[in-house]
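# Chains, contacts and geometry: an overview
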Amino acid sequence: MRKKIVAGNWKMNKTFAEGVELAREVNEYLRYKEGGEGVSVILGTPFIHLAKVAHNVTEPAIAVAAQNCATEKSGAYTGEISAEMVASTGAKHVILGHSERRNYYGETSEILVKKVARALENNLGIIFCVGEVLEERESGKHFEVVKAQLTEGLFNLSAEQFAHVVIAYEPVWAIGTGKTATPEQAQEMHAFIRSVVSTQYGQAVADETSILYGGSCNAKNADEIFSQPDVDGGLIGGASLKAADFFEIIKARARH
Ligand code: PGA
């Protein structure tokens with residue numbers, strides 16, 4: 001059975017001390033409060049928080065993710081962080097292909113193929129983000145765009161490698177805008193993504209692939225989004241920055 005996952009993407013928020021405190025609070029919620037059972041929780045922290053947060057969290061349901069990694073293995077690449085370094089902190093996952101990386105930092109599918117390879121070489125699970133911009137949805141190109149992102153970024157992988165991938169569907173027009181996709185829009189795209197995965201890797205692999213929704217998902221709308229059959233969880237930005245809100249979203253995931 002595929003996993004129920006709630007992943008937080010802290011983006012470029014929280015000082016070191018604030019991030020360590022937020023992780024501590026999430027850990028306490030899962031430890032002492034009821035309702036989050038059966039959900040895998042991932043904290044996508046800035047690079048500098050990874051080692052400390054990975055060391056501090058004690059709840060087995062919580063893992064830590066980086067938000068990016070380098071295309072190269074090691075060497076003279078000033079300012080870059082390799083997948084090997086990420087793995088050495090105790091982080092278990094890396095978020096790749098986020099629309100902010102694609103749009104602000106020019107990450108193409110070609111670049112992402114290299115990052116995916118580096119992550120897999122270091123046994124990191126991958127949360128691979130796809131999603132269309134508003135114009136593409138309005139012109140009815142959203143399925144085509146998402147299919148191309150999946151095909152170009154991931155479908156060079158073997159089925160065995162693909163098993164380490166979680167897909168996050170994040171319509172760009174819903175990220176940080178307070179404008180979330182309707183549950184029907186999310187379901188429709190998630191079912192489409194699963195069918196594309198099935199065509200490439202077969203139905204059994206598609207049935208095991210976790211597909212997360214991201215884009216203004218919060219404590220209020222999480223229930224209706226997670227009630228959709230092909231929505232396996234969420235990638236949460238803004239609402240992951242407060243432990244109480246994030247825990248409400250984890251509980252919503254557990255309920256469905
Ligand atoms: P948001 O971000 O929840 O703040 O919209 C989601 C994301 O970008 O992963």
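Here the structure is a predicted model, which means the values were calculated and not measured.

## Observations regarding the overall build of the protein chain
- Along its length, the protein chain carries 12 helices and 8 strands.
- Its C-alpha atoms give the protein chain a radius of gyration of 17 Å, near enough to 18 Å, the size a compact globule of 256 residues would have.
- The principal-axis extent of the C-alpha atoms belonging to the protein chain is close to 45 × 45 × 35 Å.
- Every one of the 256 residues in the protein chain was classed for burial, and the buried ones make up 52%.
- Carbon and sulfur atoms make up 51% of the accessible area of the protein chain, which amounts to about 11600 Å² in all.
- When the 26 positive and 32 negative side-chain charges of the protein chain are each reduced to one mean point, those points stand 3 Å apart.

## Side note on the site of the ligand
- Residues in contact with the ligand amount to 13 residues; listed here are only the nearest, K11, H98, E170, G176 and S216.
- With respect to the ligand, the side chain of E170 contributes an N or O atom lying 2.6 Å from an oxygen atom.
- Between the ligand and the protein, one listed contact pairs an oxygen atom with a backbone N or O atom of G237 at 2.9 Å.
- Looking at the shell around the ligand, its residues break down into 4 nonpolar, 7 polar and 2 charged.

## Thoughts on helix α5 (residues 109–121)
- Here α5 is 13 residues long and its end C-alpha atoms lie 18 Å apart, about the 18 Å a rise of 1.5 Å per residue gives.
- For α5, the complete set of buried residues consists of S109, L112, K115, V116, R118, A119 and L120.
- On its buried side, α5 packs onto α3 (83–88), β4 (93–96), α4 (99–104), β5 (125–130), α7 (142–154) and α8 (159–162).
- Two residues or fewer past α5, N123 is found with a positive phi of approximately 55°.

## Side note on the pattern of salt bridges
- Under the counting rule described, the total for this entry stands at 13 salt bridges.
- A salt bridge links R101 to E107; the nearest nitrogen and oxygen atoms lie 3.0 Å apart.
- On the accessibility criterion, R101 (23% relative accessible area) is partly exposed.
- For E248, the salt bridge is made with K251, and the minimal N-O distance between the two is 3.2 Å. Of this pair, E248 and K251 both sit in helix α12 (residues 243–255), 3 residues apart, which is roughly one turn of that helix.
- Accessibility expressed as a relative area gives 32% for E248, which makes it partly exposed.
- Residues participating in the shared-partner salt-bridge network are R2, R194, D230 and D232.

Calculation notes
Residues numbered from 1 in each chain as written. Predicted model: local features only at pLDDT ≥ 70, side-chain atom pairs only at ≥ 80, totals over all residues. Heavy atoms only, no water. Helix = DSSP H or I, 4+ residues; strand = E, 2+ residues; numbered from the N terminus. Rg over C-alpha atoms; globule rule 2.2 N^0.38 Å. Buried < 20%, exposed > 50% of the residue type's maximum accessible area, 1.4 Å probe, protein only. Areas by Shrake-Rupley, 256 points an atom, 1.4 Å probe, with all protein chains shown as cover. Lys, Arg positive; Asp, Glu negative; His and termini not counted. Charge placed at Lys NZ, Arg CZ, Asp CG, Glu CD. Near = heavy atom within 4 Å. Polar contact = N/O pair within 3.5 Å; in protein donor to acceptor, adjacent residues only side chain to side chain. Nonpolar A, V, L, I, M, F, W, Y, C, P; charged D, E, K, R; others polar. Expected span 1.5 Å × (residues − 1). Contact = heavy atoms within 4.5 Å. Salt bridge = Lys/Arg side-chain N within 4 Å of Asp/Glu carboxyl O.

Just distances and angles here, no functional claims.
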